[in-house]
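Topology and contacts: notes
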Amino acid sequence: MRLLLLLIVYAISLAIGLWRRGLTSVAKISIAPTGRPLTRILIIGVTGGTGRQLLVRALEQGYVVTALVRDPRKLSFEHPHLTVVHGDVLDYSAVEKAVRGQDAVISALGHKRFFVLTRILSEGTRNVLRAMETHNVRRFVCETSLGIGDSVGRMGLYYSLLVIPFILPLYFWDKTRQERLIAASKLEWVIVRPAVLTNAVARGVGRHGRKVGSFLWTVRIARADVADFMLKQLVNDSYLGTAVGVCR
Ligand SMILES: NC(=O)c1ccc[n+]([C@@H]2O[C@H](COP(=O)([O-])OP(=O)(O)OC[C@H]3O[C@@H](n4cnc5c(N)ncnc54)[C@H](OP(=O)(O)O)[C@@H]3O)[C@@H](O)[C@H]2O)c1
């Protein structure tokens, strides 16, 4: 009983930490969009679930895409409008090479090293932001997750009380840092916070905004729908400078 109480206190304390450290609505800043047409985009994370969907859809929509990949063998995909840059997001020179000449960057960066204290998400994103500011690439759309900042609790009880506190605390802590770095940048940024991701076929984002998700039930969304929503944020200014939740 005492152990259970301790675990609940821990889960609640972590939630408070993720809420305080993450972005809240007050972080909304006003950004004047440049209005420049976007044709060339860099996608980070194309060998991952969301990234693959982003890549296929971006090419279908006529974008000229550069992909930063650690292992090009993982990308068994060729297209006349696709350029692959081999490199790690933690290596600034590789990131700079990929960012130079782009109109926008989309990131679906993630990893599975949940139990290691890493700063892959935040340090990788720091490199991207620095390269974008250096080369005057203005628009940045980045995937993070529901469950941080003012979306704490919105992944449902199972995630809030079990998965995030016991499997993902280090990962989510790094995500709060990642979001703060983005918000502190001078770019035209949109943070997209999805619910639990699935590989289902696209059915359309059901709900988007600051107050999506459920405090009780696990909410989900297909990676394909997240990808569609992220691509829309390249040309849509309504969520500029905010973190927007998306779910079915
Ligand atoms: N899973 C969920 O239910 C869920 C829910 C909400 C939000 N999210 C978030 O959504 C994002 C995407 O998740 P996902 O499951 O679709 O993608 P994922 O399968 O985790 O793919 C992550 C991508 O990031 C790349 N990456 C990792 N470290 C890198 C590095 N150092 N340099 C360059 N690239 C690197 C991976 O490349 P490699 O192939 O080389 O590893 C991969 O392409 C993640 O941030 C995740 O936390 C996930």
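You'll find the structure just up there.
Residues numbered from 1 in each chain as written. Predicted model: local features only at pLDDT ≥ 70, side-chain atom pairs only at ≥ 80, totals over all residues.

Observations concerning the overall build of the protein chain
Of regular secondary structure, the protein chain possesses seven helices and 10 strands. For 248 residues, the compact-globule formula gives about 18 Å, and the C-alpha radius of gyration of the protein chain, at 17 Å, lands near that figure. Along the first, second and third principal axes, the C-alpha set of the protein chain runs to 60 × 40 × 35 Å. With 248 residues in all, the protein chain has 43% of them scored as buried. Residue pairs in contact within the protein chain that sit at least 24 positions apart in sequence constitute 77% of those at least 6 positions apart. (Helix = DSSP H or I, 4+ residues; strand = E, 2+ residues; numbered from the N terminus. Rg over C-alpha atoms; globule rule 2.2 N^0.38 Å. Buried ≥ 20, exposed ≤ 12 C-beta atoms within 10 Å, placed from the backbone. Contact = placed C-beta atoms within 7 Å.)

Focus on the sheet that holds strand β2 (residues 64-69)
By way of backbone hydrogen bonds, the strands of a sheet pair with one another, either parallel or antiparallel. Strand order across the open sheet formed by eight strands is β3-β2-β1-β4-β5-β6-β10-β8, with mixed pairing between neighbours. Of all the strands in the sheet, just β3 (82-86) and β8 (207-209) have a single pairing partner and so form its edges. When the angles between neighbouring strand axes are averaged without regard to direction, this sheet yields 20°. Here strand β4 (residues 104-107) runs beside strand β5 (residues 139-143); their pairing, made up of four bridges, is parallel. Along β5, the bridge assignment pairs S107 with C142. Contacts between helix α4 (residues 120-134) and the sheet are confined to β1 (40-44), β4 and β5, with β4 contributing the most and set at about 175° to the helix. (Pairing = 2+ DSSP bridges. Axes fitted to C-alpha atoms, helices over the stretch in contact; angles between N-to-C directions.)

Quick word on the site of the ligand
With respect to spatial proximity, 26 residues lie near the ligand, and among them G45, G48, G49, T50 and G110 are the closest. Counting only elements with at least two residues in the shell around the ligand, the list comes to α2 (49-60), α4 and β7 (196-198). Per-element accounting of the shell around the ligand gives the leading share, three residues, to α2. A per-class count over the shell around the ligand returns 10 nonpolar, 10 polar and six charged. (Near = placed C-beta within 6 Å. Nonpolar A, V, L, I, M, F, W, Y, C, P; charged D, E, K, R; others polar.)

With respect to the packing of α4 against helix α6 (residues 169-184)
Contact geometry for α4 and α6: axes closest at 8 Å, N-to-C directions at 15°. When the axes of α4 and α6 are compared, the pair comes out roughly parallel. You can see that α4 and α6 cross each other, and the crossing is right-handed. Of the residues in α6, those in contact with L121, S122, T125, R126 and L129 of α4 are D174, K175, R177, Q178, L181 and I182. (Parallel < 35°, antiparallel > 145°, perpendicular 65-115°, else oblique. Left-handed = near helix turned anticlockwise from the far one by under 90°.)

Some remarks on the environment of V105
Structurally, V105 is set in strand β4. Exposure remark for V105: the 28 C-beta atoms within 10 Å place this residue in the buried category. Sequence spacing of V105 and T144 is 39 residues, and the spatial spacing of their C-alpha atoms is 14 Å. Contact partners of V105, with chain neighbours within four places excluded, come to I41, L42, I44, V99, V128, M132, V137 and F140.

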